[in-house]
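Fold and contact review
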Amino acid sequence: MRTSPRRRLARRLYATPLAWGLLVGLLCATPLHAQWSVAPTMALGLSIPTGALGDVASEGAALKAGVWIRAPRVPVGLSVEGLYTHLRGGANGAASKSSRVGGLLANITTKRHARRLELYGIAGGGYYWLDGPSTSFVRRNAPGLNVGVGEIIALGSNDYFIELRLHAVRTPAQSGERWTTFMPVLMGVRF
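Here goes a summary of the coordinates provided. Being a predicted model, the structure only gives us computed values, none of them experimental.

We now examine the pattern of salt bridges. Summed over the entire model, instances satisfying the criterion amount to six salt bridges. Glu 163 serves as the salt-bridge partner of Lys 64, at 3.0 Å between the closest nitrogen and oxygen. Of the two residues, Lys 64 sits in strand β2 (residues 57–70) while Glu 163 sits in strand β7 (residues 158–169), which places them 99 residues apart along the sequence. Just as Lys 64 is buried, Glu 163 falls in that class too. When the shortest N-O distance is used, the salt bridge between Arg 100 and Asp 131 registers 2.5 Å. Taken together, the positions of Arg 100 in strand β4 (residues 99–110) and Asp 131 in strand β5 (residues 117–131) put the pair 31 residues apart, joining distant regions of the chain. One network of salt bridges, with partners in common, ties together Lys 64, Glu 81, Glu 163 and Arg 165.

Put into structure tokens, the structure is as follows:
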């Protein structure tokens, strides 16, 4: 099946800007990479439920993955990450089912300098999902905030870190508390 000359011209007009855009992008990628730092991040650790969540759950595992971005001459960086926490059923018999919390977060971080050991702060917000005993929480998803501190240990080309963060989710509980809170203690690496 033959295409009309009009369609061939349209394809060329659409393909030409795309090809030029890819070429310019490839040529500019090296200077952009030299200015911006983008590092994938992965961490694993222990999550401690507090407040209303502590009444229905015990400690569990936490996992996060994301990207840490910094720019030259800017005193802060940005991290975008996904968090998953699996908490065991309550030790006090209030619930035998486990609870899970997931979240998509955007955070501002203090920028790492050129030292081998570096303390950093992190704060941000995002949207969280809660899955657990059905009688404990009024809503299953809500916005939330997080704040924490960490220590970076630079070894070779990677940055290893230990981080403690408090997550507060605006999910009302049946007990009258307005915030669901938990604290993951994570150990991880930035590549």
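So that's the structure; there's more coming.
Hydrogen bonds along the backbone pair up the strands of a sheet, which may run parallel or antiparallel. Spatial strand order, β1-β2-β3-β4-β5-β6-β7-β8: eight strands in a closed barrel with antiparallel pairing. Here the average twist between neighbouring strands, direction ignored, is 25°. Where strand β3 (residues 76–89) lies against β4, 12 bridges are found, and the strand directions are antiparallel. Looking across to β4, one finds that Val 76 is bridged to Thr 110.

Residue class for Glu 163 comes out buried when judged on its relative accessible area of 2%. In contact with Glu 163, other than residues within four places in its own chain, are Lys 64, Tyr 120, Ile 122, Val 149, Gly 150, Pro 184, Val 185 and Leu 186. Looking at Glu 163, its side chain comes within polar contact range of the side chain of Tyr 120, at 2.7 Å.

Burial of nonpolar side chains together is a common tendency in soluble globular proteins. Of all hydrophobic cores here, the largest spans 12 residues; its members are Leu 53, Val 56, Ala 57, Leu 83, Leu 87, Val 101, Leu 105, Tyr 128, Leu 130, Ala 142, Val 169 and Phe 182. Contributing elements (two or more residues each) for this core: α2 (51–56), β3, β4 and β5. Residue contacts for Leu 83: discarding those within four places in its chain leaves Leu 63, Lys 64, Val 101, Gly 102, Gly 103, Leu 105, His 167 and Phe 182. By size, the runner-up hydrophobic cluster in this structure holds six residues, among which are Ala 43, Ala 62, Ile 152 and Leu 186.

Tracing the backbone shows Thr 181 in strand β8 (residues 180–190). Classification of Thr 181 as buried rests on a relative accessible area of 14%. Taking the C-alpha atoms as reference, Thr 181 lies 6.2 Å from Val 169; in sequence the two are 12 residues apart. One polar contact links Thr 181 to Thr 50, side chain to side chain, over a distance of 2.4 Å.

Successive side chains on a regular strand alternate, one facing one side of the sheet and the next facing the other. With 11 bridges joining them, β2 and β3 adopt antiparallel strand pairing. By the bridge assignment for β3, Val 67 is matched with Val 80.

Let us look at the packing of aromatic side chains. Inspection of the entire model under this criterion finds two aromatic pairs. Relative to Trp 129, the ring of Tyr 127 lies with its centre 5.4 Å away and its plane at 70°, an arrangement referred to as edge-to-face. Using a relative accessible area of 39% as the deciding quantity, one classes Trp 129 as partly exposed. Residues Tyr 128 and Phe 182 carry aromatic rings whose centres are separated by 6.4 Å and whose planes lie at 85° to one another, so their mutual orientation is edge-to-face.

As paired strands, strand β1 (residues 37–50) and β2 are joined by 11 bridges and run antiparallel to one another. Each bridged residue has a counterpart across the sheet, and for Thr 41 the counterpart in β2 is Gly 66.

Rules used in this analysis
Throughout this document, residue positions are counted from 1 along each chain, in the order its sequence is written. Residue-level local features of this predicted model are given only where pLDDT is at least 70; pairs of side-chain atoms are given and counted only at 80 or more, and the full residue set underlies all totals for whole chains, interfaces and linings. Note: side-chain values were computed over all heavy atoms of the structure, leaving out hydrogens and water. For this document, the term salt bridge refers to a Lys or Arg side-chain nitrogen within 4 Å of an Asp or Glu carboxyl oxygen. Secondary structure counts use DSSP, requiring at least four H or I residues in a row for a helix and at least two E residues in a row for a strand, with both numbered from the N terminus. Think of it in three bands: with a 1.4 Å probe and only protein chains considered, a residue is buried below 20% of the maximum accessible area for its type, exposed above 50%, and partly exposed in between. For two strands to count as paired, DSSP must find a minimum of two bridges between them. Axis geometry follows a simple rule: fit a line to the C-alpha atoms, using only the stretch in contact for helices, then measure angles between N-to-C directions, giving values from 0 to 180 degrees. Two residues qualify as a contact provided that any one of their heavy atoms is within 4.5 Å of a heavy atom in the partner residue. Polar contacts, as counted here, are pairs of nitrogen or oxygen atoms within 3.5 Å of one another; within protein the pair requires one atom able to donate a hydrogen and one able to accept it, and residues that are adjacent in sequence qualify only if both atoms are side-chain atoms. Note on terminology: a nonpolar core comprises buried Ala, Val, Leu, Ile, Met, Phe, Trp, Tyr and Cys residues joined through side-chain atoms within 4.5 Å. In summary, the pairing rule links any two rings of Phe, Tyr or Trp, Trp by its six-membered ring, whose centres are within 6.5 Å, and it sorts them by plane angle into stacked for under 30 degrees, edge-to-face for over 60 and tilted for everything else.

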